[in-house]
Amino acid sequence: MKELLKRLSETYGPSGREEKIAAVIQEELQDYVDEMFTDRMGNLYAIKKGSGTKVMVAAHMDEIGVIVTYIDENGFLRFSNIGGVSPYIMLGQRVVFANGTIGTIGMEKLDDIKKLTLDKLYLDIGAKNRAEAAKLVKIGDIATSERELVVAGNRVIGKAMDNRVGCAVLIQAMRELSESPNEVYAVFTVQEEVGLRGARTSSYRINPEIGLAVDVTLVGDTPEAPTMSVELGKGAAIKVKDNSVICHPRVKELLAELAEKHQIPYQFEVLTAGGTDAGAIHLTREGIPSGVISVPCRYVHTPGEMVDLDDVESAVKLLKTFLTEPIEMQKIYSCS
Ligand code: CO
Ligand code: ZN
């Protein structure tokens, strides 16, 4: 799992430019599924055929980044955000473009640090002037954090645990899923960080009977963190609500029942900000009962995102259990 997380986290793949990470995931799943293909948006589908309930499990494979908006005559680049990027966190960061060009982020003279915004920052790729910079980087090119994954005790720290850890959970569950009575569509979605866009189109295409997303969630267990009951190392989180979805009560209960039955550590999650792919899935066509398995993550949207390996294992087990047992849709619908 550590090796898989390392490979996934270190691969370049900002929203809209997911080709490299899609190729890596395809390679990791090659021998384990019945069919794989990508669609026009870049979503990657991995299918295990079955005659039962049609299930879609989405894990977004994109990560946040910065996009070049302007190159000045001295060769400094100005940039905007792709997804939720904080100027405080970007200051001093090393970033990398698709072609391997590396840059460091500096700041204009600023008397009040509280006034730091993205447009006070610039990216220095070592170019002496505009012409030299333009040979390496074009307007619209996107850079992501350049950071190796490290193991710290039973935890790992990486730049794209959001959401490569979700991709790893979905990959591992699909690998371990030998026989499923269900028709399982694992979808590695694009452009979640800019508005759940890949999940919207892929879920329309599949039209599943039930939907799940696997993503990270925030925690409340760090010094003076906002009050929240999710903690690192306390198990997979079963989402109740965030800003994009109120999870279907019966899907949420089913996940909790399975966790109890198989003694998988879990915790309920109410996230007061942010959203995930289930937000798009559950609003597809006439509505699709949906839930979310979350991996608790500290320092989300920084280059130092941290997850606990026991939580990752719990999430894999819970997802695998969910996909292994027959899903009776009548029981799900009877609640709504
Ligand atoms: Co995110
Ligand atoms: Zn995410």
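Residues numbered from 1 in each chain as written. Chains lettered and ligands numbered in written order. Predicted model: local features only at pLDDT ≥ 70, side-chain atom pairs only at ≥ 80, totals over all residues. Heavy atoms only, no water.

A.B. asks: Help me out: how do you make sense of the sheet that holds strand β10 (residues 150–152) in this one?
C.D. replies: By way of backbone hydrogen bonds, the strands of a sheet pair with one another, either parallel or antiparallel. The strand order β10-β11-β17 describes an open sheet built from three strands, whose pairing is antiparallel. Both edges of this open sheet fall to β10 and β17 (305–308), since each of them pairs with a single strand only. When strand polarity is set aside, the average angle formed by the axes of neighbouring strands in this sheet is 30°. The strands touched by helix α9 (residues 309–324) are β11 (155–158) and β17; relative to β17, the strand with the most contacts, the crossing angle is about 65°. (Pairing = 2+ DSSP bridges. Helix = DSSP H or I, 4+ residues; strand = E, 2+ residues; numbered from the N terminus. Axes fitted to C-alpha atoms, helices over the stretch in contact; angles between N-to-C directions. Contact = heavy atoms within 4.5 Å.)

A.B. asks: Before we go on, may I ask you to explain the packing of helix α1 (residues 2–10) against helix α2 (residues 19–29) in this structure?
C.D. replies: Helix-helix packing is characterised by the crossing angle of the two axes and by the distance between the axes. Running from N to C, α1 and α2 cross one another at 155°; their axes reach a closest spacing of 9 Å. Viewed along their axes, α1 and α2 adopt a mutual orientation that is roughly antiparallel. Between α1 and α2, the residues in contact are L4, R7 and L8 and I21, V24, I25, E27 and E28, respectively. Taken together, the residues that form the contact of α1 with α2 break down as five nonpolar, no polar and three charged. (Parallel < 35°, antiparallel > 145°, perpendicular 65-115°, else oblique. Nonpolar A, V, L, I, M, F, W, Y, C, P; charged D, E, K, R; others polar.)

A.B. asks: For this particular structure, what's the right way to read the sheet that holds strand β1 (residues 35–38)?
C.D. replies: Judged by pairing direction, the sheet is mixed, and its eight strands sit side by side in the order β1-β2-β12-β3-β13-β16-β14-β15 without closing on themselves. Both edges of this open sheet fall to β1 and β15 (266–270), since each of them pairs with a single strand only. Along the sheet, successive strands turn relative to each other by an average axial angle of 25°, direction set aside. Pairing geometry for strand β13 (residues 210–217) and strand β16 (residues 290–296), over seven bridges, is parallel. Along β16, the bridge assignment pairs T217 with P296. Across the sheet, helix α6 (residues 197–206) touches β1, β2 (44–48), β3 (54–60) and β12 (183–189), and the angle it forms with β12 is around 155°.

A.B. asks: Would you mind showing me how to read the nonpolar core here?
C.D. replies: Across soluble globular proteins, you tend to see nonpolar side chains buried next to one another. Judged by nonpolar contacts, the single largest core of 60 residues is most densely connected at I25, F188, L319 and F322. When residues in this core are grouped by element, the largest group, nine residues, is from helix α5 (residues 161–176). The residues contacting I25, other than those within four sequence positions of it, are L8, L44, M61, C167, I171 and F188. (Core = buried A, V, L, I, M, F, W, Y, C linked by side-chain atoms within 4.5 Å. Buried < 20%, exposed > 50% of the residue type's maximum accessible area, 1.4 Å probe, protein only.)

A.B. asks: Is there a simple way to explain α5 in this structure?
C.D. replies: Counting along an α-helix, one turn takes 3.6 residues, and residues three or four places apart therefore face a common direction. Taking 1.5 Å as the rise per residue, α5 with 16 residues should run 22 Å; its terminal C-alpha atoms sit 21 Å apart, in good agreement. Of all 16 residues that make up α5, 14 are buried, and the element is covered over most of its length. (Expected span 1.5 Å × (residues − 1).)

A.B. asks: Would you mind going over a nonpolar patch on the surface with me for this structure?
C.D. replies: On the surface, Y88, L91 and I113 cluster together into a nonpolar patch covering about 260 Å² of accessible area. Examined against the element boundaries, I113 turns out to sit in the loop between β7 (102–107) and β8 (121–124). (Patch = residues over 30% accessible without salt bridge, like charges linked within 9 Å, V, L, I, M, F, W, Y side chains within 5 Å. Areas by Shrake-Rupley, 256 points an atom, 1.4 Å probe, with all protein chains shown as cover. Salt bridge = Lys/Arg side-chain N within 4 Å of Asp/Glu carboxyl O.)

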